[in-house]
Amino acid sequence: MQNRGMKKWRPFATMPEQYIGIQNIINKQLEVSQPVLAEDQIEHMNFTLIEALHANRKVYLTYYKQGHYITETGFIQFVDSLRALFVFIDDALGAKRKMKLSELIDVRFV
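Let me begin by describing the structure that accompanies this report. In this numbering scheme, every chain counts its residues from 1 along its sequence in written order. Local features are withheld for residues below a pLDDT of 70 in this predicted model, meaning they are given only at 70 or higher, and side-chain atom pairs are given and counted only at 80 or more; totals for whole chains, interfaces and linings count all residues. Side-chain numbers come from the whole structure's heavy atoms, not from hydrogens or water.

### Focus on the overall build of the protein chain
To keep things clear, this is the line we draw: Helix and strand definitions here come from DSSP, where helices need a minimum of 4 consecutive H or I residues and strands a minimum of 2 consecutive E residues; each element is numbered from the N-terminal end. Remark: exposure states derive from per-residue accessible area (1.4 Å probe, protein chains only) relative to the maximum for the residue type, with buried under 20%, exposed over 50%, and partly exposed in between. Contacts were defined at the residue level, with two residues in contact if any of their heavy atoms lie within 4.5 Å.
In terms of regular secondary structure, the protein chain is built from two helices and five strands. Its helices and strands taken in sequence order, the protein chain reads α-α-β-β-β-β-β from the N to the C terminus. Expressed as a percentage of the 110 residues in the protein chain, the buried residues total 20%. Of the contacts made within the protein chain by residues no fewer than 6 positions apart, 49% connect residues no fewer than 24 positions apart.

Given below as structure tokens:
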């Protein structure tokens, strides 16, 4: 008796593409829209950013990216209000990131 080896699995060769397609559909359903912030929320975030910058305090930073809310901890290194950018140093990786202030949802002290 001879073993069929990989021949018996040949009909299932298209399954990885189906799994990728299903995962894309699930990810699309989990996406949320970017919230519209009130003026007082924006002012509070600006004051928190400036205080974190000057006091070198660690913050929880929540921002919106590609349909998802992402929360990270780290330090604010630089705020450029003219270009609406800020530089954030990630606590876990130590990497510097430039982010738009418009993507920012919430800033809280640790």
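### As for helix H2 (residues 39-55)
The periodicity of an α-helix, 3.6 residues per turn, causes residues three or four places apart in sequence to face the same way. Put simply, the rule reads: Helix span is expected to be 1.5 Å times the residue number reduced by one. The arc in question is traced by the directions running from the helix axis to the C-beta atoms.
Spanning 17 residues, H2 covers 24 Å between terminal C-alpha atoms, matching the ideal 24 Å at 1.5 Å per step. Taken residue by residue, H2 has Met45, Thr48, Leu49 and Ala52 as its buried positions. Projected down its long axis, H2 shows its buried positions confined to an angular sector of 100 degrees, all on one face. Exposed and oriented more than 90 degrees from the buried face of H2 are Glu39, Asp40, Phe47 and His54.

### Digging into unusual backbone geometry
At Asn56, a residue that is not glycine, the phi angle is positive and equals roughly 55 degrees. With respect to the secondary-structure elements, Asn56 resides in the loop between H2 and strand E1 (58-65). Classification of Asn56 as exposed rests on a relative accessible area of 53%. In this structure, Ala84 is a non-glycine residue whose phi angle is positive, near 60 degrees. A relative accessible area of 32% places Ala84 in the partly exposed class.

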